[in-house]
Amino acid sequence: MKQNSSLFRKKTVDQILKDAHANEGGLAKILGVRDLVSLGIAAIVGAGIFSTIGLASFNGGPAVSLLFVFTAIACVFTALSYAQFASTVPVSGSAYTYAYVAFGELFAWIIGWALILEYAVSNMVVAISWSEYFVSMLKGFGITLPGWLTINQESAFEAYSKLQTAGAAELSSYEQFAATAYETAPRIGDFAIMLNLPAGLVTLLITALVYIGIRESRTASNIMVVLKIGVVLLVILAGAFYVKPENWTPFAPNGAKGVLSGVAAVFFAFIGFDSISTTAEECKNPQRDMPRAMIYCLVICTVLYVLITLVLTGMVNYKELKVSDPLAFVFQQNGLDFMAGVISVSSVIAITSALLVYQLGQPRIWMTMSRDGLLWKRFSKIHPKYQTPSFATIVTGFVVGIPALFFKMDFFVDLTSVGTFFAFILVCGGVLYLDHKGISAQSKFRVPYLNGKYLVGLLFVVAVIGLALYGQEVIAEWDTLSGAEIIEHKLLTIIFWITWAVLSVMSFKHNFSILPVAGILTNLYLMTELGSSNWLIFVIWLAIGLVIYFSYGYRRSKLAAQ
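The model shown is predicted, which means the values in this text are computed figures rather than measured ones.

Draft legend 1. Representation of the overall build of the protein in the model. Helices and strands together make up the secondary structure of the protein, namely 22 helices and two strands. Here the protein, with 562 residues, has 57% of them falling under the buried criterion. Long-range pairs, those at least 24 residues apart, make up 84% of the contacts in the protein between residues at least 6 apart in sequence. As presented, the protein carries roughly 23000 Å² of accessible surface, and 67% of it is formed by carbon and sulfur atoms.

Right, here's the structure in full:
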């Protein structure tokens, strides 16, 4: 009974596979490697490339293309770890299920709760981005929706306040639109009624499609991915003729700090490859196809991202890219309004596919947690006709659609990255556990083993020496901060170095593979660049989750009864 009452009670691989097969009314197994790659690209090439890439380029200049490469490398380390878990435990649940095997129930709950946040807020960003392109497309056809129905109140109020203090000359065209929307919005007393109606409606429609079935979702995704890749290639090929090399100088106008300020936006552009793992039970051969699909997705998307970043920053000066629809904007600036119109129309359809994949993934996380007794039974209910987690899908629609009506996009971008980095680090750490305990012998795909016994520690020593010799700017910046500011802004940096030191010792003792260790360290380093306010909200979210776990899941867990 001691094991069953433990917060860290674990499920074996055999237990998980047995439980998955025991569930009546299972999910339809119809996905092949091509479908998985399509779903992965649908998730990855979404709002990140169609929207947030503009803000990242504005802050970092053309050098943001290098940040895409660095972030992709971090994602490759993580993807290899996900692929090993997916081949070992081919069930829905993604990092939640993997943590249950490696670290035990409490960590599994924390990861599952973080994934719910990741997928929910990711879809809020996608829905808001879709709305902006949709409104732009309608304007191209001469249809103008009332401004107060297409924008959140916070963005509109900020623009209105700026108008009052700085004057109209200092406002961008989008800010002028937002300020006008705030002035003309209907009011209840002094409260302006404003909501992003298109974002809410598209979430409702996509939720209905996901509810109907995986076949319909797969077909819709495949069609939209073809169109999406076509749009990106069109921007790259057509835009290449309008690149002005002088726009690439200076390459990093705001230095490394400016480039790294785009970490959240750039990383957000890669989030999605992990969502493939949530469809494991609907995959015909998950052990073989999932590892391939994840790697194929990352390679394809990284090449596209680097090329499109260079084209965007080459067509216009990076200072002009602080817009919500950068792909269409750069063609407008070059007098190619027809091309801008084509891209706006295509982008509306293309972004929809990202919304579809995230809306597909989140209910399956809830379904898996419910099967384990950690959430209410209704979340694991499978629709007898459509073979989808029906109740969980409906709840997901409300969880995503309502905030998308009222909140701004930048807030969600950073918050998404916090939860995702957290999940990625535990998955990479989980592979080290599988290797250490010999469970990796059951894996049909394994992360290539490169002995890090001496290498992890050697690289740590080199990094410390490099920081001491060439990190004067970082040290000088710390000297200007107060004690509270150091805690607020630099705590994660301290944790990063401590973690590296600990991993150096553990690698020496246990012969850890260098690739999962590199995944932990690169993800943790990228986390240090995120704002502290996002961490505060993430901690509050986890606190709510722990209250639910200890009041319901801990006692109702199926492991507790065994």
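Draft legend 2. Fine view of the packing of helix α6 (residues 105-140) against helix α15 (residues 337-371). The contact between α6 and α15 brings their axes to 9 Å, and the two run at 160°. Classified by the angle between their axes, α6 and α15 sit roughly antiparallel to one another. Judged by the twist between their axes, the crossing of α6 over α15 is left-handed. Its residues assigned to classes, the contact of α6 with α15 shows 21 nonpolar, 11 polar and no charged.

Draft legend 3. Representation of the packing of aromatic side chains within the structure. What the rule picks out here adds up to 23 aromatic pairs. Seen in terms of ring centroids, phenylalanine 496 and tryptophan 500 are 5.7 Å apart; in terms of plane orientation they differ by 65°. Their pairing is edge-to-face. Residue phenylalanine 496 and its partner tryptophan 500 are both found in helix α20 (residues 483-510); the two are separated by four residues, about one turn of the helix. As far as burial versus exposure is concerned, phenylalanine 496 and tryptophan 500 are alike and both buried. On the numbers, 6.1 Å between centres and 70° between planes, the contact of tyrosine 549 with tyrosine 554 is edge-to-face. We classify tyrosine 554 as partly exposed; its relative accessible area is 25%. Each residue in the set Trp109, Trp113, Trp541, Tyr549, Phe550 and Tyr554 is aromatic and connected to the rest through ring pairs, giving one cluster. One residue, lysine 453, lies across the ring of tyrosine 454, its end atom 5.9 Å from the ring centre.

Draft legend 4. Inspection of the pattern of salt bridges at higher detail. Under the criterion given, the structure shown has one salt bridge. For aspartate 435, the salt bridge is made with arginine 446, and the minimal N-O distance between the two is 3.6 Å. Within this pair, whereas aspartate 435 is found in helix α17 (residues 409-437), its partner arginine 446 is found in the loop between α17 and α18 (455-470), the two being separated by 11 residues in sequence.

Draft legend 5. Structural view of a nonpolar patch on the surface. A contiguous nonpolar patch, built from Ile394, Phe398, Ile402, Phe406 and Phe407 and spanning about 500 Å² of accessible area, is present on the exposed surface. Structurally, phenylalanine 406 can be placed in helix α16 (residues 390-406). A relative accessible area of 42% places phenylalanine 406 in the partly exposed class.

Draft legend 6. Examining the nonpolar core more closely. In terms of nonpolar packing, the biggest core is built from 160 residues, with Phe50, Phe68, Tyr82 and Phe331 touching the most fellow members. Take this core: its biggest share by element is 20 residues, from α6. Leaving out residues up to four positions away in the same chain, phenylalanine 331 has contacts with Val235, Ala238, Gly239, Met315, Leu336, Asp337, Met339, Ala340 and Ile343. Listed in part, the 11 residues of the second largest apolar core include Ala159, Ala178, Ala179 and Ala192.

Draft legend 7. Looking closely at helix α21 (residues 514-527). The first and last C-alpha atoms of α21 sit 20 Å apart over 14 residues, in line with the 20 Å expected at 1.5 Å per residue. Summarising burial for α21: 13 of the 14 residues are buried, a large majority.

Draft legend 8. Geometry of the environment of leucine 298. Mapped onto the fold, leucine 298 is located in helix α13 (residues 286-315). The exposure class of leucine 298 is buried, given its relative accessible area of 1%. In sequence terms leucine 298 and glycine 272 are 26 residues apart; their C-alpha atoms lie 9.7 Å from each other. Discounting chain neighbours no more than four positions away, the residues touching leucine 298 are Cys75, Val76, Ala79, Phe270 and Phe273.

Draft legend 9. Examining the state of the cysteines more closely. One pass over the full model with this rule turns up zero disulfides. As a non-bridged cysteine, cysteine 297 has cysteine 301 as the owner of its nearest cysteine sulfur, 6.0 Å distant. Residue classification places cysteine 297 among the buried positions, given a relative accessible area of 0%.

Draft legend 10. A positive patch on the surface, seen in detail. Among the surface-exposed residues, Lys377, Arg555, Arg556 and Lys558 lie close enough to one another that they form a single positively charged patch. Relative to the assigned elements, lysine 377 resides in the loop between α15 and α16. On the basis of relative accessibility, which here comes to 73%, the residue lysine 377 falls in the exposed class.

Draft legend 11. Here's a closer look at the environment of glycine 314. On the secondary structure map, glycine 314 appears in helix α13. For the pair glycine 314 and glutamate 246, spaced 68 residues apart in sequence, the C-alpha separation works out to 7.7 Å. Setting aside chain neighbours within four positions, we find glycine 314 in contact with Tyr242, Val243, Lys244, Asn247 and Trp248.

Draft legend 12. Local environment of α13. The first and last C-alpha atoms of α13 sit 42 Å apart over 30 residues, in line with the 44 Å expected at 1.5 Å per residue. Taking burial as the measure, the 30 residues of α13 include 21 buried ones, the bulk of the element.

Draft legend 13. Seen up close, unusual backbone geometry. Phi at asparagine 511 is positive, roughly 55°, even though this residue is not glycine. Note on placement: asparagine 511 falls in the loop between α20 and α21. By relative accessible area, which is 32% here, asparagine 511 ends up partly exposed.

Draft legend 14. Structural context of the side chain of glutamate 105. Examined against the element boundaries, glutamate 105 turns out to sit in helix α6. Exposure remark for glutamate 105: the relative accessible area of 0% places this residue in the buried category. In this view, glutamate 105 contacts Leu7, Phe8, Arg9, Tyr100, Leu374, Tyr549, Gly553, Tyr554, Ser557 and Leu559; residues no more than four positions away in its chain are not counted.

Thresholds, definitions, all that
Residues numbered from 1 in each chain as written. Predicted model: local features only at pLDDT ≥ 70, side-chain atom pairs only at ≥ 80, totals over all residues. Heavy atoms only, no water. Helix = DSSP H or I, 4+ residues; strand = E, 2+ residues; numbered from the N terminus. Buried < 20%, exposed > 50% of the residue type's maximum accessible area, 1.4 Å probe, protein only. Contact = heavy atoms within 4.5 Å. Areas by Shrake-Rupley, 256 points an atom, 1.4 Å probe, with all protein chains shown as cover. Axes fitted to C-alpha atoms, helices over the stretch in contact; angles between N-to-C directions. Parallel < 35°, antiparallel > 145°, perpendicular 65-115°, else oblique. Left-handed = near helix turned anticlockwise from the far one by under 90°. Nonpolar A, V, L, I, M, F, W, Y, C, P; charged D, E, K, R; others polar. Phe/Tyr/Trp six-rings, centres within 6.5 Å; stacked < 30°, edge-to-face > 60°. Lys NZ or Arg CZ within 6 Å of the ring centre and 35° of its normal. Salt bridge = Lys/Arg side-chain N within 4 Å of Asp/Glu carboxyl O. Patch = residues over 30% accessible without salt bridge, like charges linked within 9 Å, V, L, I, M, F, W, Y side chains within 5 Å. Core = buried A, V, L, I, M, F, W, Y, C linked by side-chain atoms within 4.5 Å. Expected span 1.5 Å × (residues − 1). Disulfide = S-S within 2.5 Å. Lys, Arg positive; Asp, Glu negative; His and termini not counted. Charge placed at Lys NZ, Arg CZ, Asp CG, Glu CD.

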